[in-house]
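Below are the chains, spelled out letter by letter.
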Amino acid sequence: MLRYLLYHPHGNENVRHLLQTLVTDGRLSRFFTSIAVFTGTLLFRMGKIPGLHFLLRRRYADNLHCHTTSFPFITLLFRLPKLQRLFIKKEQDLNGFLQQRIARRMKRKSYDYDVVYCYPNGAADIFHEAKTQGKICVYEYPIAYYDEIRRIQKEEQQHSKHWRDTKIMYKTESSRQMIDKELELADIIIVPSQYIRGTLLAGGCPMEKVHVVPYGFANVKPKQYTPVADRKLQVLFVGGLYWLKGATYLIEAMNQLSAKIHLTLIGTGPDSEALQAMTEGDSCTFLGSVGHDEVLRQMQSNDILILPSLSDGCPLVTLEAMSVGTPVVLTDKCGSMQWIEHGRNGWIIPSRSTQAIVDVLSDIAAHPSQIETVGREAQNVAAQWSWDDYGKAVTSLVSKNAVKNT
């Protein structure tokens, strides 16, 4: 049985579920992260102090405690730039700093592991050390390859005046070289969707290294559907408020649909003010950042979730919406589309098209009876692939391919 050493700075939902599979199966050797909070610890008590509540967002299941190494005070230094400059001389981000620390620990200590499992912009040093120890390097890559993102951004800046001054993603050669270095060092690359796999193959990544393991669905929950006939269609957006999520096209569409549809947006981002300035009348409500419980409440109370992404690996919010019976509208550049059969359990539209958004939402508003039918079909899909299935698929894939790499 292969044992894993895993690093992720923030512990996203997919990371947490994989960790639970590993610890339950006795496969987890060590989990490294920036901040990890467990019941009864000092950080747990600090998290109850006003101004430090953010610490509790990094709370993990207590069965991970004995397997976890975190760097909370270094992480807090990076939140305070003036103090950071006193203790950390070299200019680098937290992810880069932590991976160097972890690689040094791997060199000094005799961890019992066979596999290192890492994520973008935090793998190179760890992979280098693992290679010297003859270990297997697994890289989970959740977003489109940078060539795809840069191409889309360049076209967007030419198309829309709103984004001409937007910061270029992967602007420096060093940032692109880091991704390529990590991809090259990886023995196994795991991606959440065929869309992401396609962008990596187009970028020259060897086909035999790249494998698709979809993220899991949350447990199916009942939804109370309410008639739309005497009210506006309620549409929800959850995600970062920046150009890559396609919010510009969504706001433009809502300005045309405000008489019959209302949009609620959850999230923050660098383009939040610009998007609010584009909004006409009362067509949209911006809620900003809210807790997960409120996101679930909004999913239950809204009719549709829409995510008009220009590029998106496999946004977890779409899978969660499907699990609660809220049907989703996605673009053909969103990895979650692999679960959708258009018109049966969701809707797929072309990306970067205001008219496509207007057309699909207008049709749903005109035929609201389809909401429940499509929502229940979405739940049927969600019931077929759980987070437990995801974790087992990852470990099974790694075990099979580890034999090929030895």
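A quick note: this is a predicted structure, and the numbers were derived from the prediction, not measured. (Residues numbered from 1 in each chain as written. Predicted model: local features only at pLDDT ≥ 70, side-chain atom pairs only at ≥ 80, totals over all residues. Heavy atoms only, no water.)

Novice: Mind showing me how you'd approach the overall build of the protein here?
Specialist: For the protein, the count of helices and strands is 16 helices and 13 strands. Relative to a compact globule of 406 residues, whose C-alpha radius of gyration would be 22 Å, the protein shows 22 Å and is just as compact. Its C-alpha atoms give the protein principal-axis dimensions of roughly 65 × 50 × 45 Å. Going through the 406 residues of the protein one by one, you find that 56% of them count as buried. Counting only contacts in the protein whose residues sit at least 6 apart along the sequence, the fraction spanning at least 24 positions is 66%. Carbon together with sulfur atoms contributes 52% to the accessible area of the protein, which is approximately 18,200 Å² in total. Taking the 47 positively charged and 40 negatively charged side chains of the protein as two groups, their mean positions are separated by 9 Å. (Helix = DSSP H or I, 4+ residues; strand = E, 2+ residues; numbered from the N terminus. Rg over C-alpha atoms; globule rule 2.2 N^0.38 Å. Buried < 20%, exposed > 50% of the residue type's maximum accessible area, 1.4 Å probe, protein only. Contact = heavy atoms within 4.5 Å. Areas by Shrake-Rupley, 256 points an atom, 1.4 Å probe, with all protein chains shown as cover. Lys, Arg positive; Asp, Glu negative; His and termini not counted. Charge placed at Lys NZ, Arg CZ, Asp CG, Glu CD.)

Novice: Hey, could you run me through the nonpolar core in this one?
Specialist: In terms of nonpolar packing, the biggest core is built from 126 residues, with Tyr 117, Tyr 141, Ile 189, Leu 200, Leu 263 and Leu 361 touching the most fellow members. A total of 7 residues in this core trace back to one element, the largest contributor, which is helix α10 (residues 247–257). In contact with Leu 263, other than residues within four places in its own chain, are Val 235, Leu 236, Phe 237, Leu 250, Ile 251, Met 254, Ser 283, Cys 284, Thr 285 and Ile 306. By size, the runner-up hydrophobic cluster in this structure holds 8 residues, among which are Ile 35, Leu 43, Phe 44 and Phe 54. (Core = buried A, V, L, I, M, F, W, Y, C linked by side-chain atoms within 4.5 Å.)

Novice: Quick question: what am I supposed to make of the environment of Gly 346 here?
Specialist: Within the element layout of this structure, Gly 346 appears in the loop between β12 (328–331) and β13 (347–349). Each C-alpha atom, one on Gly 346 and one on Leu 305, is 9.7 Å from the other, the two residues being 41 residues apart in sequence. When near neighbours in sequence (up to four residues on either side) are disregarded, Gly 346 contacts Val 328, Ile 340, Glu 341 and Val 374.

Novice: What's the story with the pairing of strand β9 (residues 261–266) in this structure? I'm lost.
Specialist: Where a strand is regular, its side chains alternate between the two sheet faces. In terms of burial, β9 is a largely internal element, 6 of the 6 residues being buried. Here β9 shows a buried face lined by Ile 261, Leu 263 and Leu 265 and a second buried face lined by His 262, Thr 264 and Ile 266. Summarising the sheet, strand β8 (residues 233–238) and β9 pair through 6 bridges and their orientation is parallel. What sits directly across from Leu 233, in β9, is Ile 261. (Pairing = 2+ DSSP bridges.)

Novice: Any chance you could explain helix α15 (residues 370–382) here in plain terms?
Specialist: In an α-helix, one turn spans 3.6 residues, which is why side chains three or four residues apart end up on the same side. The end-to-end C-alpha distance of α15 is 18 Å, a good match for the 18 Å that 13 residues give at a rise of 1.5 Å each. Among all positions of α15, only Gln 370, Ile 371, Val 374, Gly 375, Ala 378, Gln 379, Val 381 and Ala 382 are buried. Buried residues in α15, looked at end-on, bunch into an arc of 165°, giving them a common side. In the core, the buried residues of α15 are packed alongside β8, β11 (304–307), α13 (316–323), β13 and α14 (354–366). (Expected span 1.5 Å × (residues − 1). Arc of directions from axis to C-beta.)

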